[in-house]
Amino acid sequence: MNHGHASNRLEALLASAFYSLMLCGYPLISIVNYSLLSSPSQSVTIAFRVICLLLACVITTIAIAKGHGWSRAVVLPIGTFWALYSFRILENQYELLHMENLSPTKFIAMAYGVSFASFLAMAVGGGLDSLRYFPHFTALQALCTCIVAAFARRAGFEPEIAGRLHLNEGLNPIELGFSGATLCLITVWFAGSALRPNGAGVNGLSSLVPRGLARGMLLGLLPVSLALGGYTMLATASRAPIIALIICVGIILMMTRSWKLAALLAMIGTGAVSIRFWESMQSSGANLERLIDFGSSSSDYSSGRTDLWIAAWQIFVRNPINGGALLLEEGIYPHNLFLESLMATGVIGTLPLVVGVGLALVVGWKSTRQSDLSAMVYLMLAQTLVGAMTSGGLFYLPGFWASLGAVAALHGSEKIRLLNR
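These figures come from a predicted structure and were not determined experimentally.

**Overview of the overall build of the protein chain**
The secondary structure content of the protein chain amounts to 17 helices and two strands. Pairs at least 24 residues apart make up 75% of the contacts formed inside the protein chain by residues separated by at least 6 positions.

So, in structure tokens, the structure goes:
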């Protein structure tokens, strides 16, 4: 019994740590590497991805050996998509040479490989027991990232482009913005969990400290975490994290849980931070204009997303059945999951992707009734899906692919096991 208990706890620690790394580990590693280290090196981020791949292999092996359940309704269509996309990669390796500082080998191993491995590891190794610690790990990572980002901005260590916290060459501002949004969202989850008699967040901490103290700690961190998350999110002047947070709060309000009170508190707290930060943003017209400008790249402050989407659509129209290209000109990707899929794999590859994601959203919503933890995984899927629609390449969206796999694992479990047994 003791051996089994220790084995289950180790498995949960590995799976939870891996999932949290896929959600917000890279921004933390990158900001520490490029902001705090005196001699930043690309080898740091490469080492991080290698560790993630190794963790994924270990988790997948353990899960297969134990015969974990998974949802074939989700995994089979997504697996079909990955097979077709892999064929496209092998067929058009020369296109990858246009990507700066990323050879075909590095692309397959460090970008595409991490995304595929994260989906597979969570699809077979996820579940309520396996992921019971992931909110705690995720909250800690996001909190550390936002603290470092706020310190770097206030101390003037990080460059700003027209008032926008750009951070560094190794980290897209949108990824940092999502760390802020994740911190706000998971803070709401912890607060809601603290208000429930047997909330998963309290259960996780109660193994370390008394239950009453755990509940007090979670509620006490609410204003601080919301302030840091909101500040970091808005400092990057990225729209996607804000949109994702609003959508996720709306999902919370649709749930029949005590989270509703926590969500309202979060809206008030985030609103207060937003008003304060908005005043400072008005001194920088670029920041303000960028938040509201979805236009073409002809604007000085626009992200130019619409130009990329139009270009991707034109490639798809020329080859609608099986797609025409992995990348746009000069190695740029469309910054939209489904448009990039249409461009690369056509209707043949995009159809199973849409089916898999759609089924995950449906069965994931049903799983939110199981526990707070299931609801948190669903919210992570919703947030990362919004991010995948506006930023990041299809080949490297580990947070989204891991969340998709986690939802499949939750739905595929034959029964719900007790948490922290």
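**Regarding the packing of aromatic side chains**
Inspection of every chain in the model, using the stated rule, returns 17 aromatic pairs. With centroids separated by 5.8 Å and ring planes inclined at 15°, the aromatic side chains of Phe81 and Tyr85 adopt a geometry described as stacked. Residue Phe81 and its partner Tyr85 are both found in helix H3 (residues 72-91); the two are separated by four residues, about one turn of the helix. According to the relative accessible area criterion, Tyr85 is buried, its value standing at 1%. Measuring from centroid to centroid gives 5.1 Å for Trp313 and Phe316, while their planes differ by 50°, and the two rings are tilted. Taken together, the positions of Trp313 and Phe316, both in helix H14 (residues 305-318) and three residues apart, correspond to about one turn of that helix.

**Quick look at the environment of Ala344**
Structurally, the position occupied by Ala344 is in helix H15 (residues 337-367). Owing to a relative accessible area of 0%, Ala344 belongs among the buried residues under this scheme. For the pair Ala344 and Leu394, spaced 50 residues apart in sequence, the C-alpha to C-alpha distance is 9.8 Å. Residues contacting Ala344, with those up to four places away along its chain left out, are Tyr85, Arg88, Asn322, Gly323, Ala325 and Leu326.

**Description of the environment of Phe134**
Mapped onto the elements of the fold, Phe134 is located in helix H6 (residues 134-155). Judged by its relative accessible area of 0%, Phe134 is buried. Along the chain, Phe134 and Leu373 lie 239 residues apart, while their C-alpha atoms are 9.1 Å from each other. With residues up to four places along the chain from it excluded, the contact list for Phe134 reads Ser16, Tyr19, Ser20, Leu23, Leu373, Met376, Val377 and Met380.

**Details of the packing of H3 against H15**
Between H3 and H15, the shortest axis-to-axis distance is 8 Å and the interhelical angle comes to 165°. In terms of orientation, H3 lies roughly antiparallel with respect to H15. Crossing of H3 against H15: the hand is left-handed.

**Side note on the nonpolar core**
With 79 residues, the main nonpolar core has Tyr19, Tyr85 and Trp401 as its most contacted residues. Setting aside its immediate chain neighbours within four residues, Tyr85 contacts Phe107, Tyr112, Leu326, Glu340, Ala344, Thr345, Leu394 and Phe395. Judged by nonpolar contacts, the second largest core, of nine residues, contains Leu308, Ala312, Ile315 and Met343.

**Considering helix H11 (residues 239-254)**
With 16 residues, H11 should cover 22 Å at 1.5 Å per step; its first-to-last C-alpha distance of 23 Å lies within 8% of that length. Of all the positions in H11, only Arg239, Ala240, Pro241, Ala244, Leu245, Cys248, Val249, Ile251 and Ile252 are classed as buried.

**Some points on the state of the cysteines**
Enumeration over the complete set of coordinates arrives at zero disulfides. The structure places no disulfide on Cys146, whose sulfur is separated from the nearest cysteine sulfur, that of Cys184, by 7.5 Å.

**As for unusual backbone geometry**
Leaving glycine out, the prevailing phi sign among residues is negative, and the prevailing peptide bond configuration is trans. Of note, His335 is a non-glycine position whose phi angle comes to about 60°, a positive value. If you trace the backbone, His335 turns up in the loop between H14 and H15. Its relative accessible area of 10% is what places His335 among the buried residues.

**What about a nonpolar patch on the surface?**
A contiguous nonpolar patch, built from Val347, Leu351, Val355 and Leu359 and spanning about 310 Å² of accessible area, is present on the exposed surface. In this fold, Val347 is placed in helix H15. Given the relative accessible area of 41%, Val347 is considered partly exposed.

**Let's talk about H14**
An α-helical turn contains 3.6 residues, so any two residues separated by three or four positions project in the same direction. Taking 1.5 Å of rise per residue, the 14 residues of H14 would be expected to cover 20 Å, and the 20 Å separating its terminal C-alpha atoms lies within 8% of that figure. By the burial criterion, the buried members of H14 are Arg305, Leu308, Ala312, Ile315 and Phe316. Summarising the axial view, the buried residues of H14 lie within an arc of 100°, below the 170-degree limit, and thus occupy one face.

**Digging into the confidence of the model for the protein chain**
Scored by pLDDT, the protein chain has a mean of 75; 67% of the residues are at 70 or more. Across the protein chain, element-level confidence peaks in H15 with a mean pLDDT of 93 and bottoms out in strand E1 (residues 160-161) with 42. Within the model, pLDDT remains below 50 along residues 278-301, and this stretch shows 47 contacts once partners closer than five positions in the same chain are excluded. Contacts for the low-pLDDT stretch residues 414-421, under 50 throughout, to residues beyond four places or in other chains number 17 contacts.

**Digging into the packing of H14 against H15**
With their axes 8 Å apart at the nearest point, H14 and H15 run at an angle of 10° to one another. One element, H14, and the other, H15, form an angle in the roughly parallel class. Along the contact surface, H14 presents Trp309, Ala312, Trp313, Ile315 and Phe316, while H15 presents Leu339, Leu342, Met343, Gly346 and Val347. By residue class, the composition of the contact of H14 with H15 is nine nonpolar, one polar and no charged.

What counts and what doesn't
Residues numbered from 1 in each chain as written. Predicted model: local features only at pLDDT ≥ 70, side-chain atom pairs only at ≥ 80, totals over all residues. Heavy atoms only, no water. Helix = DSSP H or I, 4+ residues; strand = E, 2+ residues; numbered from the N terminus. Contact = heavy atoms within 4.5 Å. Phe/Tyr/Trp six-rings, centres within 6.5 Å; stacked < 30°, edge-to-face > 60°. Buried < 20%, exposed > 50% of the residue type's maximum accessible area, 1.4 Å probe, protein only. Axes fitted to C-alpha atoms, helices over the stretch in contact; angles between N-to-C directions. Parallel < 35°, antiparallel > 145°, perpendicular 65-115°, else oblique. Left-handed = near helix turned anticlockwise from the far one by under 90°. Core = buried A, V, L, I, M, F, W, Y, C linked by side-chain atoms within 4.5 Å. Expected span 1.5 Å × (residues − 1). Disulfide = S-S within 2.5 Å. Patch = residues over 30% accessible without salt bridge, like charges linked within 9 Å, V, L, I, M, F, W, Y side chains within 5 Å. Areas by Shrake-Rupley, 256 points an atom, 1.4 Å probe, with all protein chains shown as cover. Salt bridge = Lys/Arg side-chain N within 4 Å of Asp/Glu carboxyl O. Arc of directions from axis to C-beta. pLDDT = per-residue confidence, 0-100. Nonpolar A, V, L, I, M, F, W, Y, C, P; charged D, E, K, R; others polar.

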